[in-house]
Amino acid sequence: MLEPAPQPVLIYDRIGANRRNTLLLLGLFGILLLPIIVYLFVCLIIPGRLLFGSPGQIDKANAEFWRGLMLVPFLVLLVAWLEYRFSARLLRRLARARPVGREEEPELVRTVENLCIGAGLPQPQVCVVESNAPNAFAVGLRPDDASLVVTRGLLDLLDRRELEGVIAHELSHIGNHDTRLKTIVAVVVTTLRLPVDGVKRFLRFLRGSGVSIVVRFLLISAVPSVLIMVMIAPLYYALSWTGLFEWLDRTMKTISPGSPLGAIITAILAEFALVAPFYFPLYVFLLAPFLAASMIRMISTEREFLADADAALLTRNPGALARALGKISTAASMPMNVSPATTHLYIVEPVRTNVSWWERSVSAHPPTYERIDRLEAMGTTDAPSPERVEAEPVVASLDETPEDTAPAGQRWLSLGQTLLILSVFLAALVLRFWFLIRTSK
Amino acid sequence: VDALNIALIVAGLVLLSVLLIYNHLVRSRMRTLEAWSGIDVQLKRRADLVPNLVETVRGYAAHERQTFEELARARSAAHQAQGPAQATDANAKLTAALARLFALVEAYPVLRASESFLNLQNELSDIEEKIAYARQFYNRNVLDYNTRINTFPRMLIARLFAFQPFEFFEADEPARAAVKVEFSSREKA
């Protein structure tokens, strides 16, 4: 099943490979977001016209429209740039990480300093999260403004050599420019998951608030429409200034209903406007987060093995990192308050509270026992260590079914999920068109 | 005319690749030099710690003049050392002199327990660890650079422009156990 493939060994080659991955990822992100953007435009036109009529002057409409349209790419670019620029800070805040200095954590800062010298990297900002769950991660777009975050639990759990291994692993992520890739992924996924997480939080709030079931039901059914209204109203006002609606109105009128082309275009537009609202929630609440999770896993697995190997090379002590991984995953039953969008940043998959089997089955990390196996293959140990034996049942118990832990099983499961979602989409589409054909007769 | 054009294109490509390889080698050399300066900084820091150490010990054991003088000589040698070979030498001498100083300190329990001495000792061990890591980084760069200038086709350009190989910075302690690292990825199929 595992087949060693040659990897570029020099760090500079790896940085190049990572840059290509990043570009690919950004392209994928654009494609993932496209349906949401298209839908927003449609939503702006249909309910906008119902709610507010057609404001503005008709004679100026064309020029205004194009002028307004020219703003859109700049706005998108601005948002993208802001996200890129502040992503590291955002992620640090999401994890509630606090920067620490030499006075506060002399041992930790010294270890980071020494390993940085060994790896030829600038000093990252060292941060601590006050959480008992042992874990660590690194964020940052460039090595010279990276941050290395460890939890209090990690500092308490590991001895000096093991801590060294974990920090070397994170520094390797920084040195290989994995952090940039991962930081971008995290921001993208946070964006893609925004609606899901918002609704989830709202539901949790409702469950805790103790209101009657009728009120709860009414509130829950009101959520999507309120959500859409809240998203649309300000954008509608912004766009009505551009004269988009007048332009569309005129275009619709100029296409004569008698001609076949006009009929087709009108039918497609009308159909899309009808169908899109049904697809939008499906996409936003099911497909987008799932695609995001697959994206994370696709990118993470290989990077984790590579960072482990680099850490072993840097510390000359693969055993210590293997021990650390074993200890962390044994202690990982301790749940941690982690945003689902950032699990791939951590050195070992954090256990989250209140996750469904659905989300848990798309772990961003290769199984810990496999990582320990590989690390031990680098050293001289030939028998599986107690840590590896310990790690295996823990990893297995994290998922409901044992097949989930096997990499192949995991792949099949995620494939099944993808097919399931796609078939739901297809079924909805077929049903809709069947209905359309029947009514048109 | 056609043959001339082809010859010109080939010559242009060759020139371009020579240029690229040359730049690559220069970059690699600069990286190695920078890695060396990383060691140098730590070595100088260690040498600069010696006067403080001598001052502290002198307060308790003023008569051990010979050890102090030897230490001062080793220190100035370490300070003036140029390049890996000299630095290795001077550094081994400084390490030996420091070892003698610490052996001497064993006879003075009050000194050994004093705060300033403990601080210096901690700082020294910190610097020594940093030297070990800096050495590792430097040696990795040297390995990379030396491999580059000794493999075809870079070898030709390296010879042409007289790129000299770097020396490794040897440790005076027994080398740590070698680690076999295998870069392998999961199956892609």
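Residues numbered from 1 in each chain as written. Chains lettered and ligands numbered in written order. Predicted model: local features only at pLDDT ≥ 70, side-chain atom pairs only at ≥ 80, totals over all residues. Heavy atoms only, no water.

A. Representation of the overall build of chain B. Each helix and strand in chain B was counted, giving six helices and zero strands. Order of helices (α) and strands (β) in chain B, N terminus to C terminus: α-α-α-α-α-α. Restricting the contact set of chain B to residue pairs at least 6 apart, pairs at least 24 apart contribute 77%. On chain B, roughly 11100 Å² of surface is accessible, and the fraction owed to carbon and sulfur atoms is 59%. (Helix = DSSP H or I, 4+ residues; strand = E, 2+ residues; numbered from the N terminus. Contact = heavy atoms within 4.5 Å. Areas by Shrake-Rupley, 256 points an atom, 1.4 Å probe, with all protein chains shown as cover.)

B. Molecular detail of the pattern of salt bridges. Summed over all chains, the structure comprises 22 salt bridges over all chains. Among the salt bridges present, the one from Lys130(B) reaches Glu113(A), with a minimum N-O distance of 2.7 Å. With Lys130(B) in helix H5 (residues 115–149) and Glu113(A) in helix H3 (residues 106–119), the pair connects residues from two separate chains. Classification of Lys130(B) by relative accessible area gives buried; the value is 3%. Residue Glu113(A) is classed as buried on the basis of its relative accessible area, which comes to 14%. With a closest N to O distance of 3.0 Å, Asp126(B) and Lys130(B) form a salt bridge. Here Asp126(B) pairs with Lys130(B), and both are found in helix H5, just four residues apart, close to one helical turn. When salt bridges that share partners are traced, they join Arg102(A), Glu107(A), Arg110(A), Glu113(A), Arg160(A), Asp126(B), Glu129(B) and Lys130(B) into one network. (Salt bridge = Lys/Arg side-chain N within 4 Å of Asp/Glu carboxyl O. Buried < 20%, exposed > 50% of the residue type's maximum accessible area, 1.4 Å probe, protein only.)

C. A look at the sheet that holds strand E2 (residues 125–129) of chain A. Residue and element names in this part refer to chain A. Sheet architecture is open: four strands sit in the order E1-E2-E4-E3, paired in mixed fashion. Edge positions in the sheet fall to strand E1 (97–99) and strand E3 (136–139), since each of these pairs with one other strand and no more. Strand after strand, the sheet turns through a mean of 30° between neighbouring axes, direction not considered. Of the strand pairs in this sheet, E3 and strand E4 (residues 147–151) are connected by four bridges, and their pairing is antiparallel. Looking across to E4, one finds that Phe137 is bridged to Val149. Against the sheet, helix H5 (residues 160–175) makes contact with E3 and E4, and its axis sits at roughly 20° relative to E3, the strand it touches most. (Pairing = 2+ DSSP bridges. Axes fitted to C-alpha atoms, helices over the stretch in contact; angles between N-to-C directions.)

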